[in-house]
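Geometric and topological summary
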Amino acid sequence: MHDATDSRTPAADVLLRMRGVHKSFPGVHALDGVDLELLRGEVLALVGENGAGKSTLIKVLSGAHRPDAGTIEIAGRRPLIRTPLDALRAGVAVIYQEFNLVPAMSARENLFLGRERTWAGLLRHRRERREARRLFRRLGIAVDPDAACRDLPVAGQQAVEIAKALSCSARLVVMDEPSATLTTREVEQLFAVIGRLKRRGIGVIYVTHRLEEVFAIADRVTVLRDGRHVATQPTAELSRERLIELMVGRRLENEFPKRSVQRGEPRLRVEGLRRGDRVRDVSFQVRRGEVLALTGLVGAGRTETARLVFGADVADRGTIVLDGRTLSIRCPRDAIRAGICLLTEDRKSQGLVLGLSVRENFGLPNLPQFASFGFVRRPRERMALVRFVDDLQIKTPHFEQPVRNLSGGNQQKVVLAKWLQQNAKVILFDEPTRGIDVGAKYEIYRLINDLAARGMAIVMISSELPEVLGMSDRILVMHEGRITGEITDVARATQEQIMDLAVA
Amino acid sequence: MSRLLSNYGMLAVLLVLAAMFSVLTVDRQAPSGAASGRQLAARLAETLQPDDGVLIVVRPSDEECRFAEALRDALEAGGYRVVDVVSGDPADARRALVRVTDTQQPLAAIACSPTTADWSVFEDLGRRYPGLGDVRLVRPESTRWPNFLKRENLINVANQIAVIAILAIGMTMVIITGGIDLSVGSLIALSAVVTTALVRDVAGANQATALGMVLCSVGGIAACAAVGAFSGVMVTAFRIPPFIVTLAMMLVASGLAYLLSQGQSIHEVPDGFISLGRGQLAGIPNAVLLMVVLYAVAHVVMSQTIIGRYIYAVGGNVEAARLSGVPVKRVVLFVYLVGGELAGLGGVITASQLKAGSPTYGQMYELYVIAAVVVGGTSLSGGEGRILGTLIGALIIAVIQNGMNLIGVESYTQKVILGAVILAAVLLDTLKRRRG
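Criteria and cut-off values
- Residues numbered from 1 in each chain as written.
- Chains lettered and ligands numbered in written order.
- Predicted model: local features only at pLDDT ≥ 70, side-chain atom pairs only at ≥ 80, totals over all residues.
- Heavy atoms only, no water.
- Helix = DSSP H or I, 4+ residues; strand = E, 2+ residues; numbered from the N terminus.
- Buried < 20%, exposed > 50% of the residue type's maximum accessible area, 1.4 Å probe, protein only.
- Areas by Shrake-Rupley, 256 points an atom, 1.4 Å probe, with all protein chains shown as cover.
- Lys, Arg positive; Asp, Glu negative; His and termini not counted.
- Charge placed at Lys NZ, Arg CZ, Asp CG, Glu CD.
- Rg over C-alpha atoms; globule rule 2.2 N^0.38 Å.
- Phe/Tyr/Trp six-rings, centres within 6.5 Å; stacked < 30°, edge-to-face > 60°.
- Contact = heavy atoms within 4.5 Å.
- Buried area = accessible area lost by both parts, 1.4 Å probe.
- Salt bridge = Lys/Arg side-chain N within 4 Å of Asp/Glu carboxyl O.
- Polar contact = N/O pair within 3.5 Å; in protein donor to acceptor, adjacent residues only side chain to side chain.
- Domains from an automatic or database assignment.
- Pairing = 2+ DSSP bridges.
- Patch = residues over 30% accessible without salt bridge, like charges linked within 9 Å, V, L, I, M, F, W, Y side chains within 5 Å.
- Disulfide = S-S within 2.5 Å.
- Axes fitted to C-alpha atoms, helices over the stretch in contact; angles between N-to-C directions.

1. Digging into the overall build of chain B
Helix and strand counts for chain B stand at 18 helices and 8 strands. If you line up chain B on its principal axes, its C-alpha atoms span 95 × 60 × 40 Å. Taking all 436 residues of chain B together, the buried fraction comes to 49%. Entry remark: accessible area of chain B is about 20000 Å², with carbon and sulfur atoms responsible for 61%. Averaging the positions of the 32 positive and the 30 negative side-chain charges in chain B gives two centres separated by 11 Å.

Have a look at this one:
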């Protein structure tokens, strides 16, 4: 196995060297002597399952956490990094998934926030605008410096962040899952920007769950597992299977579990669903035991369709028929009562109340079942939860743990548990494995198959084409609010075929 | 115990404040009443021979008469002879001494209250009344005890904060959902005015029956509940920020109270009207009992019931709650309704305590109520907080106010100190949480 320090490179080329970094939190040894090395003009992918220590390592580098032990060397110096500001001065810029932008302020104002260009205490708008334009040009992105940040697309906001890093003369840029919310085309643009950064000799640490991207953009990969450094290798010497093996620590026979379910009668039928121009005349049906994939580019109207079926938004028009009965769904309560459940894409802001415990989140839609005369009978609630904790293998120290402290995969399982207690008939999964690590993904897939086997109808929204092809019985592709194609012979379908329909 | 402290860190602050004011208000307490009478009898019994005569001299006040009675009963039960009980002025005492001397019966002791013991009549007894023989003058021992910790004072503390504490229950619920209710102070005035106006105009003014007054009070509370419900509808159906809605309702309710009362206090209520506000049960004021009961109920509601869980969920993440099937609008409506009702109840209590309804009641109360909630550890951003924490917060404010009164801090200075203490208490809590 390689080690970061094995492949000795000329000292001058080493931009960042972290050695023996330790960091403990109460009850967790998050980083256990991690080494990391980044060269000038290099893209280093940092991968690992959730809880492997990637975020902690980044936070140590960015000054958000102080390491218990270990050294950080940047361009041969050892700056004292205690706060994010120290890190920025040392040339480290971090671009988090949640951008640090003021939504109501313009791109330019955000760019120079805290470093405003002034003359005698007055703002020099024109100079700022000029500099902003130059920065965006250097990055090769078209962003109007005077557009309010909240009006920019996600990619545009990201560009502002990257430009900000450049204008602070950052020498190394850390990107935390930068592609998570981007469309395919925007990801390509991002890669082009990263290419420009490379040519300027800037080192990039690219944290991601998407292995395709590792192979597309990274020069080397560093794999973390359980807070330890497992391997650092040139991407060219790795295969996808080998990389997964390094991350998971065991061999994964197959990324998608096998399944043989007899499809039954139609369960859910949606006809002529419409809301504004986001969802235009969408009709489809799902049978018992069937996994229907709903795919397309981001913004194609997939999530919006699911929200309409679930009653999260109100449809202008359309009928929803469940087991032959026409439903009138005006709010999520109606849908839940009928047996339709939605696992939202964004678990943290929509699926869970982060401050509440595992038990309380699990109970939220189910309280009437556990209560008598309005009083919640906690023993009943606990008994029900015990079953799912075993069934779904939810890893939590105890039921009173705030869900905030659970890993992404376990959070997803808590959301699933609360719906299973409802005797769901139809489950809508919106990007069920987003932000979930490889090992846990397999478990989620297995669960989806189990649910289908129990006779539920599954609608799975996903942008990851291998997942769509590997999991579904049938594929619907959406584009600009309409269903543009259906693929019934999934076994012979290709990613190209889907993309072709998606950009129709 | 350590869990209790970490859960209710403000409890520590409350205890420290109580301890501080206890130390600062230690004072000589004149012993009085039945207890000290029995105590003195016990002390006398150590030296008296059976059949010894004792003369008791007190002033004719209730306290001292109780003292004298208890003392006499205890002595007679012990087989001693109580020659006479004098309840009067020094002249009465002198006449009694002369009488005792005339009977020629030996007197062993004269038992005095702390005040009568200092009368000059009792100086030089042996020379002035040789017939008395070797007589001792005894009085109860005075003790040192903090004025703050006297039973009456503690009840007073609870009584003074009762209205604010009751309002703070509703405010805690509102704040946990992520809202705020600025109208509660004005609702006190509205409720007091509506209730007393109903008593005057509908229930027959001074001749109103108990049932009539109860119904009028329900009317006052209902008026406030209606205002609370209206705020709730504005917040849920029209998504107007709670701050703005309740600011508007604060002005509306206050204005209505002035209109209804034409700016005057309404005094035309029967004497029985004060039984809620000034009455007692087993020595504890009704308002305090009501407060304790309401806190117990609210604590159970917030920790054991569906609606309680929903309130926390709505404040923690409104979208996740909605998508989990929580009837968000009903929950929000509920908390403003409860807030209004409790403010209405607070108004009735205030009117009963003051035996009048005036539109000037409850001014600025909303700020004290919010302070109590925040000092009690509830986050203004919603989603977390505890009902019992709020009770502690309210008591902290009450203790500070009471303690400063006892040690003679004048009222302008009191405000400055109260503000500083509220800030310090919350700062402490925030620091503790950040570390934890």
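2. Remarks on the overall build of chain A
Within chain A one finds 18 helices and 23 strands. Computed over its C-alpha atoms, the radius of gyration of chain A comes to 24 Å, within 12% of the 23 Å expected for a compact globule of 504 residues. In terms of its C-alpha atoms, chain A occupies a principal-axis envelope of roughly 70 × 50 × 50 Å. A total of 504 residues make up chain A; the buried ones form 56% of that total. Just so you have it, chain A exposes about 22200 Å², and 47% of that area is on carbon and sulfur atoms. Taken as two groups, the 78 positive and 63 negative side-chain charges of chain A have centres that lie 4 Å from each other.

3. Concerning the packing of aromatic side chains
For the coordinates displayed, the defined rule picks out 6 aromatic pairs over all chains. Seen in terms of ring centroids, F256 of chain A and Y445 of chain A are 5.1 Å apart; in terms of plane orientation they differ by 45 degrees. Their pairing is tilted. One end of the pair, F256 of chain A, is in the loop between α8 (240–248) and β12 (266–275); the other, Y445 of chain A, is in helix α16 (residues 438–453), with 189 residues separating them in the sequence. Taking the centre distance of 6.2 Å and the plane angle of 40 degrees together, the rings of F21 of chain B and F148 of chain B count as tilted. With F21 of chain B in helix α2 (residues 9–24) and F148 of chain B in the loop between β6 (143–146) and α7 (151–176), the pair connects residues that are 127 residues apart, well separated along the chain. The pair formed by F21 of chain B and F148 of chain B is uniform in burial state, with each residue classed as buried. Members of the aromatic cluster, each reached through a chain of ring pairs, are F362, F370 and F388 of chain A.

4. Let's talk about the interface of chain A and chain B
Facing the 30 residues of chain A at the interface are 21 residues of chain B. Summed over both sides, the interface of chain A with chain B buries roughly 2000 Å², with 56% coming from carbon and sulfur. The three residues of chain A that bury the most area against chain B are R333, V353 and L364 of chain A, which together make up 27% of that side's buried surface. Linking chain A to chain B there are 2 salt bridges. Ionic pairing is found between E319 of chain B and R307 of chain A, a salt bridge with its closest N-O pair at 3.5 Å. Along the contact surface separating chain A from chain B lie 10 residue pairs in polar contact (both at pLDDT 80 or more).

5. Side note on the domain arrangement of chain B
You can read the domains of chain B as domain 1 (33–143) and domain 2 (151–435). Averaged C-alpha coordinates put domain 1 of chain B and domain 2 of chain B at centres separated by 53 Å.

6. Some points on the pairing of strand β4 (residues 109–112) of chain B
Residues and elements named next belong to chain B. Covered by surrounding structure in β4 are A109 and A111 together with I110 and C112, the residues of both alternating faces. Note that strand β2 (residues 53–58) and β4 share 4 bridges and pair parallel. Bridging across to β4, L55 finds its partner in I110. The pairing of β4 with strand β5 (residues 136–138) spans 3 bridges and is parallel. Bridging across to β5, A111 finds its partner in V138.

7. As for the pairing of strand β8 (residues 172–176) of chain A
Residue and element names in this part refer to chain A. Burial within β8 is extensive, with 5 of its 5 residues counted as buried. Because side chains alternate across β8, one face comprises the buried residues L172, V174 and D176, and the other comprises V173 and M175, equally buried. Pairing analysis gives 5 bridges linking β8 to strand β9 (residues 203–207), with the strands arranged parallel. In the strand pairing of β9, V173 is matched with V204.

8. Details of the domain arrangement of chain A
What the domain assignment lists for chain A is domain 1 (1–91 + 171–250), domain 2 (101–169) and domain 3 (266–502). The C-alpha centroid of domain 3 of chain A is placed 39 Å from the C-alpha centroid of domain 2 of chain A.

9. Describing the environment of D32 of chain A
Residue and element names in this part refer to chain A. In this structure, D32 sits in strand β2 (residues 28–39). Excluding residues that lie within four positions of it along the chain, D32 makes contacts with V21, H22, G227 and R228. Here R228 takes part through its side chain, which lies 3.1 Å from a polar atom of the side chain of D32.

10. A closer look at a nonpolar patch on the surface
The grouping of M20, L24, L406 and I407 of chain B at the surface amounts to a nonpolar patch, some 330 Å² of accessible area in total. Summarising the element assignment, L406 of chain B is placed in helix α17 (residues 387–406).

11. Observations concerning the environment of L137 of chain B
All names here are of chain B. Residue placement: L137 occurs in strand β5. On a C-alpha basis, the gap between L137 and V54 in space is 10.0 Å, while along the polypeptide they are 83 residues apart. Aside from chain neighbours lying at most four places away, what touches L137 is I110, C112, A117 and F122.

12. A short note on the state of the cysteines
Under the criterion given, the structure shown has 0 disulfides over all chains. Take C168 of chain A: it sits in no disulfide, and the sulfur closest to it among the cysteines is that of C149 of chain A, at 14 Å. For C168 of chain A, a relative accessible area of 16% puts it in the buried group. For C112 of chain B, which is in no disulfide, the shortest distance to another cysteine sulfur is to C65 of chain B and amounts to 14 Å.

13. As for the sheet that holds strand β16 (residues 325–327) of chain A
Residues and elements named next belong to chain A. Ordered by their spatial adjacency, 4 strands build an open sheet running β13-β12-β15-β16, and the pairing between neighbours is antiparallel. Lying at the two open borders of the sheet, with one neighbouring strand each, are β13 (279–287) and β16. Neighbour-to-neighbour, the strand axes of the sheet open up by a mean angle of 20 degrees, direction not taken into account. In this structure, strand β15 (residues 317–322) lies alongside β16, joined through 3 bridges in antiparallel fashion. The residue of β16 that forms the bridge with I320 is L327. Of the strands in this sheet, β12, β13 and β15 are in contact with helix α9 (residues 302–310), which crosses β12 at around 110 degrees.

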